Amino acid sequence: MILQATLVTTLLLHATAPADPGAPTARARLSSLLAAQRDAIIASEPALAAADEPAAADPSISAVYPNRAFLERTLDVTISGDDTEWTDAVAVDFGDGIRVDSVRVASPTGLVARITIDEDAALGARDVTVREGEVEAVYAGAFTLQAPLAFKVLHGTRAPGSILNGKLVQHDISTPFDPVENTLYVDDPGFTVDYFYAQQYGAEFALLVDVPVAPGTYDLHVVSGATGSQVRSTGPDILPIGARTPLPLKEGDNVGTLKEPYGTVLYTFTPPVEPTRLTLTVTASAQGATPILAVLPASGRFADLLGADARVVVDTDAAEPIYVIYWDAAGAEKHDYTINLVAAPRPRPRPSRTTSAAPPTASPPRPRLSARCAT
């Protein structure tokens, strides 16, 4: 038994002990094989490229405030940038019709531009551009121009020889109409304002259009406020005036049709050469209508108005044309009307029964057309 145990022990020792005491262990051998395998794999693969550095972002405009404004105004506009390094050498451009009065650099990414907008600057969206040296940043459509004035209501025939009335709206809430001092006008002497009543952001008006006014589109202006603090607001090209030819008026009855409320129909009549008295009378078929005849001399100007009523008498002594405008001051719907014209020799003046000189009489006031606008 002792001999058997000794033999087994000797065999185990022979199995576990390395043949060469200087040879690596099995675990070390395995690690060396794995290392060699790893080196072979790495050697067979292409080398990894170095990571690219992130590209620098281009300077840009991120915000414009306020992003809209009105004609004929001066205001400050704040411009914010991304990845910008703005300095005092920067320049700002809002396009034609907007003057940049000054630019203040609040920070490398913030500017404050004071701008003044012309009366005739083009409306709509426009680009904002910031330049410094060769670096340019553009924000397309970032800023919008609007007209402060617009029509809420406009009644009447938009043609020469017309009476227009309506309501205006002030869109610029920073400049309400003055409660007392306001003037409405058009850049053409052929337009006469009969009345203008303003209240903060709205106004009612009546506008008389002379016969010689040329067809086209016209600007409308309101100057509001006391002298020294006036603000002008413009509605560019908001008043279209079309062409029209006066209809001939004959003696006797002339039947016509008014097609729109507050519209007008324009006539003309040339009296004989000899002194003549013209009597014009109008009636309307619509119940509630207020038919009016406005009679103008050959000048066709409302400043020379001869009469405005349902019955007008005009004395003439030359073959110069007169203009007769039919207008319904009540704004009745479409209706027929009849203008009766009687031309008779002008009565001779009665001889005076006294030799004393009569005191001079004051000239009669010019007839006035006035009708408040209906909503």
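Here the structure is a predicted model, which is why all the values come from computation and not from measurement.

Rules of the game
Residues numbered from 1 in each chain as written. Predicted model: local features only at pLDDT ≥ 70, side-chain atom pairs only at ≥ 80, totals over all residues. Heavy atoms only, no water. Helix = DSSP H or I, 4+ residues; strand = E, 2+ residues; numbered from the N terminus. Buried < 20%, exposed > 50% of the residue type's maximum accessible area, 1.4 Å probe, protein only. Contact = heavy atoms within 4.5 Å. Areas by Shrake-Rupley, 256 points an atom, 1.4 Å probe, with all protein chains shown as cover. Polar contact = N/O pair within 3.5 Å; in protein donor to acceptor, adjacent residues only side chain to side chain. Patch = residues over 30% accessible without salt bridge, like charges linked within 9 Å, V, L, I, M, F, W, Y side chains within 5 Å. Salt bridge = Lys/Arg side-chain N within 4 Å of Asp/Glu carboxyl O. Lys, Arg positive; Asp, Glu negative; His and termini not counted. Charge placed at Lys NZ, Arg CZ, Asp CG, Glu CD. pLDDT = per-residue confidence, 0-100. Pairing = 2+ DSSP bridges. Axes fitted to C-alpha atoms, helices over the stretch in contact; angles between N-to-C directions. Phe/Tyr/Trp six-rings, centres within 6.5 Å; stacked < 30°, edge-to-face > 60°.

A.B. asks: Got a sec to walk through the overall build of the chain? Specific residues and values, please.
C.D. replies: Each helix and strand in the chain was counted, giving two helices and 24 strands. The burial tally for the chain puts 37% of its 375 residues in the buried class. In the chain, once contacts between residues fewer than 6 apart in sequence are set aside, the share between residues at least 24 apart is 66%. Total accessible area on the chain is roughly 21900 Å²; 55% of this is exposed by carbon and sulfur atoms.

A.B. asks: Can you lay out the environment of Asp 101 for me, pointing to particular residues and giving the numbers?
C.D. replies: Locating Asp 101 in the fold gives a position in strand β5 (residues 98-107). What makes Asp 101 partly exposed here is its relative accessible area of 36%. Sequence separation of Asp 101 and Ala 113 is 12 residues, and the distance between their C-alpha atoms is 7.5 Å. Once you skip the residues sitting within four places of it in the chain, Asp 101 turns out to touch Thr 74, Arg 114, Ile 115 and Thr 116. Within the structure, the side chain of Asp 101 is placed 2.6 Å from the side chain of Thr 116, a separation counted as a polar contact.

A.B. asks: Give me a negative patch on the surface: which residues, what numbers.
C.D. replies: A contiguous patch of negative charge on the surface is contributed by Asp 58, Asp 82, Asp 83 and Glu 85. Take Glu 85: it is sitting in the loop between β3 (74-82) and β4 (91-93). Accessibility expressed as a relative area gives 63% for Glu 85, which makes it exposed.

A.B. asks: Run through the confidence of the model for the chain, naming residues and quoting values.
C.D. replies: With 79% of its residues at a pLDDT of 70 or more, the chain shows a mean pLDDT of 87. Considering only residues more than four positions removed or in separate chains, one finds that residues 1-16, a stretch of pLDDT under 50, has zero contacts.

A.B. asks: A description of the pattern of salt bridges should follow, citing residues and the corresponding values.
C.D. replies: One pass over the full model with this rule turns up 10 salt bridges. Between Asp 76 and Arg 114 there is a salt bridge, with its nearest N and O atoms 2.8 Å apart. In this pair, Asp 76 is assigned in strand β3 and Arg 114 in strand β6 (residues 110-117), connecting sequence segments 38 residues apart. According to the relative accessible area criterion, Asp 76 is partly exposed, its value standing at 38%. Looking at Arg 114, the relative accessible area reads 38%, which means it is partly exposed. A salt bridge links Asp 315 to Arg 277; the nearest nitrogen and oxygen atoms lie 2.8 Å apart. Highlighted residues: Asp 315 in strand β22 (residues 311-316) and Arg 277 in strand β19 (residues 276-284), separated in sequence by 38 residues. Judged by its relative accessible area of 37%, Asp 315 falls in the partly exposed class.

A.B. asks: For the pairing of strand β10 (residues 162-170), give the residues involved together with the corresponding values.
C.D. replies: The element β10 is largely enclosed, with a buried count of eight among its nine residues. Pairing of strand β9 (residues 149-155) with β10, which is carried by six bridges, proceeds in the antiparallel orientation. The residue bridging Phe 151 from the neighbouring strand is Leu 168, located in β10. As consecutive antiparallel partners, β9 and β10 are separated by six residues, and within that stretch Gly 156 has a phi angle of approximately 115°, a positive value. Pairing geometry for β10 and strand β13 (residues 202-209), over eight bridges, is antiparallel. From the neighbouring strand, Lys 167 faces β13, where its bridge partner is Glu 204.

A.B. asks: Go over the sheet that holds β13 with me, naming the residues and quoting the values.
C.D. replies: Spatially, four strands are ordered β9-β10-β13-β12 in an open sheet, and the strand pairing comes out antiparallel. Either end of the sheet is taken by a strand with one partner, and the two such strands are β9 and β12 (191-199). Across the sheet, the axes of successive neighbouring strands diverge by a mean angle of 25°, strand direction being ignored.

A.B. asks: Account for the pairing of β22, naming residues and giving values.
C.D. replies: Residues Val 312, Val 314 and Thr 316 line the buried face of β22, whereas the alternating positions Arg 311, Val 313 and Asp 315 sit on a face that is not buried. Relative to β22, β19 runs antiparallel, the two sharing six bridges. Its bridge partner being in β22, Leu 280 is matched across the sheet by Val 312.

A.B. asks: Before we move on, can you summarise the packing of aromatic side chains with the specific residues and values?
C.D. replies: Both the distance between ring centres and the angle between the ring planes are used here to describe each pair of aromatic rings. Throughout the structure, instances matching the rule amount to six aromatic pairs. With 3.9 Å between their ring centres and 15° between their planes, Tyr 326 and Tyr 337 make a pair best called stacked. With Tyr 326 in strand β23 (residues 322-328) and Tyr 337 in strand β24 (residues 335-345), this pair connects stretches of sequence that are 11 residues apart. As far as burial versus exposure is concerned, Tyr 326 and Tyr 337 are alike and both buried.

A.B. asks: I'd like a description of unusual backbone geometry, backed by residues and values.
C.D. replies: Cis rather than trans, the peptide bond between Tyr 65 and Pro 66 has omega equal to -10°. On the secondary structure map, Pro 66 appears in the loop between β1 (60-65) and β2 (68-70). Of note, Glu 72 is a non-glycine position whose phi angle comes to about 60°, a positive value. Mapping Glu 72 onto the fold places it in the loop between β2 and β3. One non-glycine residue with positive phi stands out, namely Gln 200, at about 55°.

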